[in-house]
Amino acid sequence: MDALRQFVQTEKDHVISDRRHLHRIPETGFNEVKTSAYVAERLNGLGLEVQTGIATHGVVGLLRTGKPGLTLMIRADMDALPITEETGLAFASAHPGCMHACGHDSHMAMALGAAAVLHRLRDRIKGNVKFVFQPAEEGPGGAQPMIEAGVLENPKVDYALACHLWSERPEGFIGVRPGAFLAAMDRFDIKIRGKGGHAAQPHLCVDALEVGTQVVGALQRIVSRQTNPIEPAVVTVGTFNAGTAFNIIPAEALLSGTTRTFNEETWTSWASRLEKVVAGVCEAMGARYEFKFSRGYPATVNDAAVADVVRRCAIAVVGEERVVEPELTMGGEDMSFFLKRAPGCFYCIGVGREGAAPLHNSKFDFNEDLMLLGVETHCRVALDLLG
């Protein structure tokens, strides 16, 4: 066992303790009051320069080595999901209806563990390591507000790094993918206004429900007939609400959904393309509409050179046979905003095991020993880039 791994092993109890404490106090996006207070307390205890209250509850811990060099940002997301936990764990959520079901508690624990190890090894690196604890990754998005608040400056961030638990990969595997990894994601909301009336007299009405069904079908043909078939793209209508009784033709229908793509041109054109379809269908069927398109996160794109560094470091942690290149995923992640401004890498740590619940599930849990893989990988990347 090399010296770095020994340092990581000595932090094991702290990492697990941090994860369990944070798991007990889950808070949703931009409500991370207790979470950020705990993180700040831990960073202060490690001797780092600490800033709080960034973009509501964001926290930054800065490790300065005192030697000129570059700055690596290690980012961890802090928010939880509005899910009622059903794990039965002794350290289960103490906040009803809220749970760390996406592993953000572990992301914070791994970043705190890396901060402790790198602080002890600061004589071996130059420049700075900036530990960024970000609110609201699950929505509406805390990365961009933190950037606007100056988190990438003073000192300027040269590299960006983050990891995520990945239940789709077996335990002990690390996934590193150069280039595009996660898709750009947006949201749309549609209100269709028709003319309600008696179900027995459809000719006197404009059926908003029927118009809505035509809109749903037409939207699907944007992907099947207007998008290059070799480029991944998704238009999904996730909600459709209309009607109050079996014998009343509804005057209004409400729809909402999401778009996903890796193509920049497609991403910037979604709003106009979707509204054109909605407008055309509504005009043809005599209805009116309201259309709202909310820009979400851009595609998460890893820098090839930094991804190569992460891959080499991951091999040192788990062995070459356990470092894989994960497939593209249509999920979204606002680490993408940081990666658009600084070359970096978003990698994943496999925690999947047979019969276990996946991420975003009320019974999600994982083998806590696997967090040490993230701590060690974070540290090896820092030593490689700043050593």
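Everything in this summary refers to the structure shown in the same document. (Residues numbered from 1 in each chain as written. Predicted model: local features only at pLDDT ≥ 70, side-chain atom pairs only at ≥ 80, totals over all residues. Heavy atoms only, no water.)

**A look at the overall build of the protein**
The secondary structure content of the protein amounts to 10 helices and 16 strands. Taking the principal axes of the C-alpha coordinates as reference, the protein spans close to 80 × 45 × 40 Å. In the protein, which comprises 387 residues, the share counted as buried stands at 53%. A separation threshold of at least 6 residues defines the contact pool for the protein, and within that pool the share at least 24 residues apart is 81%. (Helix = DSSP H or I, 4+ residues; strand = E, 2+ residues; numbered from the N terminus. Buried < 20%, exposed > 50% of the residue type's maximum accessible area, 1.4 Å probe, protein only. Contact = heavy atoms within 4.5 Å.)

**Structural notes on helix 7 (residues 264-285)**
Here helix 7 is 22 residues long and its end C-alpha atoms lie 33 Å apart, about the 32 Å a rise of 1.5 Å per residue gives. Along helix 7, the helix axis deviates most sharply at Trp270, where the bend reaches about 50 degrees. The complete set of buried residues in helix 7 reads Thr266, Trp267, Ser269, Trp270, Arg273, Leu274, Val277, Val278, Val281 and Cys282. In the core, the buried residues of helix 7 are packed alongside strand 8 (184-193), helix 6 (208-226), strand 10 (233-242), strand 12 (252-261) and strand 13 (288-297). Where helix 7 begins, the capping side chain belongs to Asn263, and its oxygen is found 2.9 Å from the backbone nitrogen of Glu265. Among the residues trailing helix 7, Gly286 stands out with phi positive, at a value near 80 degrees. (Expected span 1.5 Å × (residues − 1). Bend = angle between axes of the 7 residues up to and from the residue. Polar contact = N/O pair within 3.5 Å; in protein donor to acceptor, adjacent residues only side chain to side chain.)

**Here we look at the pattern of salt bridges**
Enumeration according to the criterion identifies 25 salt bridges in this entry. The salt bridge involving Lys12 is made with Asp369; its shortest N-O contact spans 3.2 Å. Here Lys12 is found in helix 2 (residues 12-24), whereas its partner Asp369 is found in the loop between strand 16 (344-352) and helix 10 (371-386), with 357 residues between them in sequence. Of the residues examined, Lys12 reaches a relative accessible area of 27% and is grouped as partly exposed. A salt bridge links Glu290 to Arg193, with the nearest nitrogen and oxygen atoms 3.1 Å apart. With Glu290 in strand 13 and Arg193 in strand 8, this pair connects stretches of sequence that are 97 residues apart. For Glu290, a relative accessible area of 39% puts it in the partly exposed group. Among the residues examined, Arg193 registers a relative accessible area of 27% and is labelled partly exposed. (Salt bridge = Lys/Arg side-chain N within 4 Å of Asp/Glu carboxyl O.)

**What about the environment of Cys98?**
Looking at where Cys98 falls in the secondary structure, it is placed in the loop between strand 3 (71-77) and helix 4 (104-120). As a C-alpha pair, Cys98 and Ala114 span 16 residues in sequence and 27 Å in three-dimensional space. Not counting residues within four places of it along the chain, the set of residues in contact with Cys98 comprises Pro26, Glu27, Thr28, Ala80, Leu81, Ile83 and Ser93.

**Description of the pairing of strand 4 (residues 128-134)**
Among the 7 residues that make up strand 4, 7 are buried, leaving the element largely enclosed by the rest of the structure. Where burial is concerned, the two faces of strand 4 agree: the one with Asn128, Lys130, Val132 and Gln134 and the one with Val129, Phe131 and Phe133 are both buried. Sheet topology places strand 2 (residues 58-64) next to strand 4; 6 bridges connect them, and they run antiparallel. The residue bridging Gly61 from the neighbouring strand is Phe131, located in strand 4. Of the pairings in the sheet, the one linking strand 3 to strand 4 comprises 7 bridges and is parallel in character. Counterpart to Leu72 in the pairing with strand 4 is Val129. Traced from strand 3 through helix 4 to strand 4, the parallel crossover comes out right-handed. (Pairing = 2+ DSSP bridges. Right-handed = clockwise from strand over helix to strand, strands pointing away.)

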